[in-house]
Amino acid sequence: MDSRPDSVDRAFRAVYYGGDYEQEIEAFARRWNSLEPEAFTRALESGTPEEKALALFALSYGNSPNAQTILSTALESLEPMEQWTSALCLGERKDEQALPLLLSCFEEFLPPRMHPLGREGGLYHSWRIRAAYLLGEWGRKDLIPALRQALDKAWRLEQADSIDRKHVWHDYQDELVYALGRLEGFGTLVGFSLPAPRLQFWVVILACGSLQAQSRYGDLLTQVQINEP
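It should be emphasised that the depicted structure is a prediction, and the values quoted were computed from it without experimental measurement. (Residues numbered from 1 in each chain as written. Predicted model: local features only at pLDDT ≥ 70, side-chain atom pairs only at ≥ 80, totals over all residues. Heavy atoms only, no water.)

Asker: Describe the overall build of the chain, listing the residues and the values that go with them.
Answerer: Helices and strands together make up the secondary structure of the chain, namely 13 helices and 0 strands. Ordered by position from N to C terminus, the α and β elements of the chain give α-α-α-α-α-α-α-α-α-α-α-α-α. The buried share of the chain, reckoned over its 229 residues, is 49%. The contacts in the chain between residues at least 6 apart in sequence include a share of 62% that link residues at least 24 apart. Surface exposure of the chain reaches about 11,200 Å², of which carbon and sulfur atoms provide 53%. (Helix = DSSP H or I, 4+ residues; strand = E, 2+ residues; numbered from the N terminus. Buried < 20%, exposed > 50% of the residue type's maximum accessible area, 1.4 Å probe, protein only. Contact = heavy atoms within 4.5 Å. Areas by Shrake-Rupley, 256 points an atom, 1.4 Å probe, with all protein chains shown as cover.)

Asker: Please give an account of unusual backbone geometry that cites residues and values.
Answerer: That bond from Leu-110 to Pro-111 is cis: its omega, 0 degrees, falls within 30 degrees of zero. With respect to the helices and strands, the residue Pro-111 is situated in the loop between helix 7 (99-104) and helix 8 (123-138). With a phi angle near 55 degrees, Asn-63 is a residue other than glycine that sits in the positive phi range. Within the secondary structure, Asn-63 sits in the loop between helix 4 (49-61) and helix 5 (67-74). A positive phi angle is found at Lys-94, which is not glycine, with a value near 55 degrees. Along the polypeptide, Lys-94 turns up in the loop between helix 6 (80-92) and helix 7. Note on Lys-94: relative accessible area 43%, which makes it partly exposed.

Asker: Which residues make up the nonpolar core, and what are the values?
Answerer: Core analysis: the largest hydrophobic core is formed by 71 residues, its most contacted members being Phe-12, Phe-57, Phe-106, Trp-127 and Trp-202. Ranked by residue count, the leading element in this core is helix 8, at 10 residues. (Core = buried A, V, L, I, M, F, W, Y, C linked by side-chain atoms within 4.5 Å.)

Asker: Describe the environment of His-170, with residues and values.
Answerer: With respect to the helices and strands, the residue His-170 is situated in helix 10 (residues 170-182). C-alpha of His-170 to C-alpha of Trp-155: the two residues are 15 residues apart in sequence and 9.0 Å apart in space. When near neighbours in sequence (up to four residues on either side) are disregarded, His-170 contacts Glu-158 and Arg-198. At a separation of 3.2 Å, a polar atom in the side chain of His-170 contacts the side chain of Glu-158. (Polar contact = N/O pair within 3.5 Å; in protein donor to acceptor, adjacent residues only side chain to side chain.)

Asker: Explain the pattern of salt bridges to me, using residue names and the numbers behind them.
Answerer: According to the stated counting rule, one finds 13 salt bridges in the structure shown. Here Glu-92 makes a salt bridge to Arg-10, at a shortest N to O gap of 3.8 Å. Highlighted residues: Glu-92 in helix 6 and Arg-10 in helix 1 (residues 6-15), separated in sequence by 82 residues. Its salt-bridge partner being Lys-153, residue Glu-107 comes within 2.6 Å of it at the nearest N-O pair. Highlighted residues: Glu-107 in the loop between helix 7 and helix 8 and Lys-153 in helix 9 (residues 144-160), separated in sequence by 46 residues. Salt bridges here are not isolated pairs; linked through shared partners, they connect Arg-4, Asp-9 and Glu-22. (Salt bridge = Lys/Arg side-chain N within 4 Å of Asp/Glu carboxyl O.)

Asker: Just give me the short version of the packing of aromatic side chains, but keep the residues and values in it.
Answerer: In this structure the tally under the stated criterion is 13 aromatic pairs. Between Phe-12 and Tyr-16, the ring centres sit 6.2 Å apart and the planes meet at 20 degrees, which makes this aromatic pair stacked. On the basis of relative accessibility, which here comes to 7%, the residue Tyr-16 falls in the buried class. Each ring, one from Trp-84 and one from Phe-109, has its centre 5.8 Å from the other, and the planes form 65 degrees; the classification is edge-to-face. Of this pair, Trp-84 sits in helix 6 while Phe-109 sits in the loop between helix 7 and helix 8; the two residues are 25 residues apart in sequence, bridging distant segments of the chain. A residue is classified by how much of its surface remains accessible, and Trp-84, at 0% relative accessible area, is buried. Of the residues examined, Phe-109 reaches a relative accessible area of 21% and is grouped as partly exposed. Counting every residue linked through ring pairs, the aromatic cluster contains Phe-57, Tyr-61, Trp-84, Phe-109, Tyr-124 and Trp-127. (Phe/Tyr/Trp six-rings, centres within 6.5 Å; stacked < 30°, edge-to-face > 60°.)

Asker: Describe the environment of Ser-104, listing the residues and the values that go with them.
Answerer: Position of Ser-104 among the secondary structure elements: in helix 7. For Ser-104, a relative accessible area of 18% translates into the label buried. As for Ser-104 and Ala-150, which are separated by 46 residues in sequence, their C-alpha atoms are 9.8 Å apart.

So, in C-alpha cells, the structure goes:
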C-alpha cells in the first residue's frame, strides 16, 4: 500500500498538472534517494528549477517547521519558478507579502507558452489560474480593479491570438470572473465587448462565484464550463 503523504502528491500535481505524475515521483525519489522532507530540502538547495518548485510546494504542504522562512526567502529569488511557487504557497496562507507577486502573475509570461511536456498553456499559465483563484479566496474587495484589469487584458490578448489557441485563454478568464464574483464585483463586466453567448456565460460564472459554488455545490464551475453554449 502506498503510504506516501498527500503533501507529496499535491506538490507533484502542482508542477506536473494534467498528466500522469507517478513517473516523475519515481524519478525524483531515485535522484534524491527518498521523498522525505530532507530530500526536498536538498533539492531546494541544488536541484533543477522544477525540482526546487516541487520542494517548495512539498515543504509548504507538509507544514515543514521552516516553511514560512523558506518561502519568504524564495520570494526574493531571481528564478521565476521559485518566485511564483513561493507566492502561491504564501498566497494559500493569505500572507500579504505574496500579494505584489501574485498580481504580477497576471502580467508575466503572456501569451501562454506551451509547457515542455506539451501541455497547453504551460506551467506558468496553470499557476496564473491558481493565483486568480487564491485572490478570490482572500475576500479583499480592493483587489477587484486588479482582477478586472487582468480579465480585460486576457480578453484583448485572446482576440489577437491565433484561432487555434483562443480556447487556451478560457479557463483563465473564467477563473478571473469567478474570483470577481466571490468578491461581489458585480459591475465588472460592464464595458466588455463580448459576443452575447460568452457574456451570458460570464454572468453565470460571476453568479457562481458569488454563491461560492465550487465549495458549496462541488465542482459546479467545471460542469458549467463543460456545458458552455
